[in-house]
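Coordinate analysis (summary)
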Amino acid sequence: MKRTRCRLPVLAASALILATLMLLPTALPCAVVDGDTQYVIHIVMDGLRPAAVAKHLDILPNFQRLRAEGAFTDNARTEYLETQTTPTHFSMYTGLPIEKHGYWRDEDIGGKYPKLAYKESIFDLVTENGMRSCLFTGKDKFAIFERSFQMSYYKYFKKREDVPKTFISEMKKQPCHFSFVHLIDPDSMGHKYKGAATTFNGKVPYDEAVKTVDKYLGQIFNLVETNSTYAGKTLIIATADHGFADVGNHAKTDLIDNHKIPFYVWGPCVAPGADLYDLNIGNRKDPGDTRTHSYEGIQPIRNREVGPLAADALGITSTKGAFGQQDTRFYIGTGSCRGVCDESGNGTDTGGGDEGSGTDTGGGDEDTDSDTSDDGTDSAAAVHP
């Protein structure tokens with residue numbers, strides 16, 4: 001990532017855009033300011049479709065918090081030609097579209113991957129900078145990530161509820177500067193009942209799983225806000241690896257519900273209640289109900305923004321890998337915590353720490369596969385962007 005403090009996105013000089021910016025909860029969009037964040041928690045709610053959250057928002061207090069206190073969109077995208085778990089996670093970890101990181105199969109094929117040094121992951125980058133990176137998952141095939149990337153802690157749990165429970169316990173014992181927390185409940189219920197809209201005993205199991213995830217989010221909020229180690233110093237990035245169709249699963253790439261995902265950012269310097277597309281005018285484009293190819297025009301917000309965004313928030317950078325190549329500017333708020341954006345887009349330091357940085361990240365691709373198990377195990381093949 002080329003890191004520039006509080007650089008503004010490239011905006012068209014029009015009265016309409018200026019008026020839009022004036023309506024935002026904070027004056028000028030800005031990248032994460034280096035030094036504000038000491039910890040990043042990346043939560044992936046496997047198979048979560050935004051419509052399920054919107055449908056029950058009035059009884060999902062913690063999703064409400066992510067939206068009211070953080071910046072978000074309900075219309076982010078997974079990879080362009082792939083809507084399967086393992087390939088999309090490689091994209092989130094490396095910041096690369098699937099056709100660049102090259103892992104197409106939705107399974108653990110053994111050995112290590114990526115093979116090439118330039119395919120650096122957020123886990124590698126955090127570890128190489130002397131910090132602790134941790135992965136908590138409910139899918140055993142994620143062992144390929146443990147073998148492929150440098151990380152301080154890895155654990156797979158057969159019981160879904162043990163993922164957030166153990167994450168919280170571990171964070172109280174020994175903090176992870178970057179944590180990946182994998183909540184698989186929506187995906188598991190979607191596969192078990194063959195669709196996100198299936199009714200069973202008068203209820204929709206997929207929707208019940210979304211309510212369970214909301215409870216997990218509340219537990220994580222409680223950890224962050226009641227522990228002095230994390231309070232005011234933690235950025236939460238919550239998204240999904242893919243969506244889920246009403247009937248079947250998430251393998252069909254011609255179904256838009258398999259591509260639509262939420263993207264929430266909560267923590268220091270995040271503009272409360274802001275739409276991420278409003279913060280990134282001219283830099284990201286809301287795709288409406290289209291899939292949007294990885295290389296055609298301005299990209300939508302994609303879940304592969306996470307790795308570079310986390311690195312920038314932690315104030316670390318790299319001269320190799322996708323993290324060293326990206327210059328795509330993804331904004332989540334203002335520099336009001338520690339740096340102030342002026343109208344030229346230059347940052348002004350307001351106290352302490354390194355003088356350096358703003359936020360730069362990337363956008364991406366996707367394809368197919370099929371998941372069948374209740375415990376969230378995906379198995380299938382991926383396609384090409």
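Residues numbered from 1 in each chain as written. Predicted model: local features only at pLDDT ≥ 70, side-chain atom pairs only at ≥ 80, totals over all residues. Heavy atoms only, no water.

Here Asp-124 lies in helix H6 (residues 122-128). Within the local environment of Asp-124, its side chain forms a polar contact with the side chain of Ser-121, the two groups lying 3.0 Å apart. Not counting the four nearest positions on each side in its chain, Asp-124 is found in contact with Phe-149 and Gln-150. (Helix = DSSP H or I, 4+ residues; strand = E, 2+ residues; numbered from the N terminus. Polar contact = N/O pair within 3.5 Å; in protein donor to acceptor, adjacent residues only side chain to side chain. Contact = heavy atoms within 4.5 Å.)

Attention now moves to the sheet that holds strand S1 (residues 39-45). The mixed open sheet is built from seven strands, whose spatial order is S2-S7-S6-S1-S5-S3-S4. If you trace the sheet from one side to the other, it starts and ends with strand S2 (71-77) and strand S4 (153-156), each paired once. With strand direction ignored, the average angle separating the axes of adjacent strands in the sheet is 10°. Judged from the five bridges that link them, S2 and strand S7 (residues 260-266) form a sheet pairing that is antiparallel. Pairing of Ala-71 across the sheet is with Val-265, part of S7. Strand contacts of helix H8 (residues 162-173): S1, strand S3 (133-137), S4 and strand S5 (178-183), with the helix running at about 160° to S5, the strand carrying the most contacts. (Pairing = 2+ DSSP bridges. Axes fitted to C-alpha atoms, helices over the stretch in contact; angles between N-to-C directions.)

This part covers the state of the cysteines. Evaluation of the coordinates by the stated rule reveals one disulfide. At a sulfur-sulfur separation of 2.1 Å, the disulfide partner of Cys-134 is Cys-176. Between Cys-134 and Cys-176, the disulfide has an S-S torsion of -90° and is therefore left-handed. One end of the pair, Cys-134, is in strand S3; the other, Cys-176, is in the loop between H8 and S5, and 42 residues separate them in sequence. (Disulfide = S-S within 2.5 Å.)

With that out of the way, let us pick up helix H12 (residues 306-313). Buried residues dominate H12, accounting for eight of its eight residues. Within H12, the full set of buried residues consists of Val-306, Gly-307, Pro-308, Leu-309, Ala-310, Ala-311, Asp-312 and Ala-313. Phi turns positive, to about 75°, at Gly-315, one or two residues after H12. (Buried < 20%, exposed > 50% of the residue type's maximum accessible area, 1.4 Å probe, protein only.)

This brings us to the packing of aromatic side chains. Counted according to the given criterion, the structure contains 20 aromatic pairs. The interplanar angle of 80° and the centroid separation of 4.9 Å between the aromatic rings of Tyr-39 and Tyr-230 together place this pair among those described as edge-to-face. Of this pair, Tyr-39 sits in strand S1 while Tyr-230 sits in the loop between helix H10 (205-226) and strand S6 (234-239), and the two are 191 residues apart along the sequence. The same class applies to Tyr-39 and to Tyr-230, which are both buried. A centroid spacing of 5.9 Å and a plane angle of 55° characterise the contact between Phe-63 and Tyr-264, whose relative ring orientation is tilted. On the criterion of sequence distance, the pair formed by Phe-63 in helix H3 (residues 61-69) and Tyr-264 in strand S7 is long-range, its members being 201 residues apart. Across this residue pair, the class does not change: Phe-63 and Tyr-264 are buried. Lying over the aromatic face of Phe-221, Arg-65 brings its terminal NZ or CZ to 4.3 Å of the ring centre. (Phe/Tyr/Trp six-rings, centres within 6.5 Å; stacked < 30°, edge-to-face > 60°. Lys NZ or Arg CZ within 6 Å of the ring centre and 35° of its normal.)

Overall, the predicted model of the protein chain reaches an average pLDDT of 77, with 72% of residues at or above 70. Confidence drops under pLDDT 50 across residues 1-27; counting only partners more than four residues distant or on other chains, this segment forms 90 contacts. Note on residues 336-385: pLDDT is under 50 here. Beyond four places in sequence and across chains, it has 231 contacts. (pLDDT = per-residue confidence, 0-100.)

What follows covers the nonpolar core. By size, the foremost hydrophobic cluster in this structure holds 85 residues, and its most contacted members are Ile-43, Met-45, Phe-63 and Phe-263. Here the element with the most residues in this core is H10; it accounts for nine residues. With near-sequence residues (within four places) excluded, Ile-43 lies in contact with Val-181, Leu-183, Leu-217, Ile-220, Ile-236, Ile-237, Ala-238 and Thr-239. (Core = buried A, V, L, I, M, F, W, Y, C linked by side-chain atoms within 4.5 Å.)

What follows concerns the pairing of S7. Of all seven residues in S7, seven are buried, a share of seventy percent or more. Covered by surrounding structure in S7 are Lys-260, Pro-262, Tyr-264 and Trp-266 together with Ile-261, Phe-263 and Val-265, the residues of both alternating faces. Pairing of S6 with S7 involves four bridges; the strand directions are antiparallel. Counted as the bridge partner of Ile-236 is Trp-266 from S7.

With twelve residues, H8 extends 16 Å from end C-alpha to end C-alpha; this agrees with the ideal 16 Å at 1.5 Å per step. Inspection of H8 places Val-163, Pro-164, Thr-166, Phe-167, Ile-168, Glu-170 and Met-171 among the buried residues, and these make up the whole buried set. Buried positions along H8 lie against S1, S3, S4, S5 and H10. (Expected span 1.5 Å × (residues − 1).)

A few words now on unusual backbone geometry. Even without being glycine, Asn-201 reaches a positive phi, approximately 55°. Among the secondary structure elements, Asn-201 is positioned in the loop between helix H9 (185-192) and H10.

Turning next to the environment of Lys-252. Looking at the secondary structure, you find Lys-252 in the loop between S6 and S7. Of the residues examined, Lys-252 reaches a relative accessible area of 55% and is grouped as exposed. Sequence separation of Lys-252 and Gln-84 is 168 residues, and the distance between their C-alpha atoms is 9.5 Å.

Along the polypeptide, Lys-139 turns up in the loop between S3 and helix H7 (143-148). Looking at Lys-139, its side chain comes within polar contact range of the side chain of Asp-46, at 3.0 Å. Polar contacts involving the side chain of Lys-139 include one to the side chain of Thr-85, which spans 3.4 Å.

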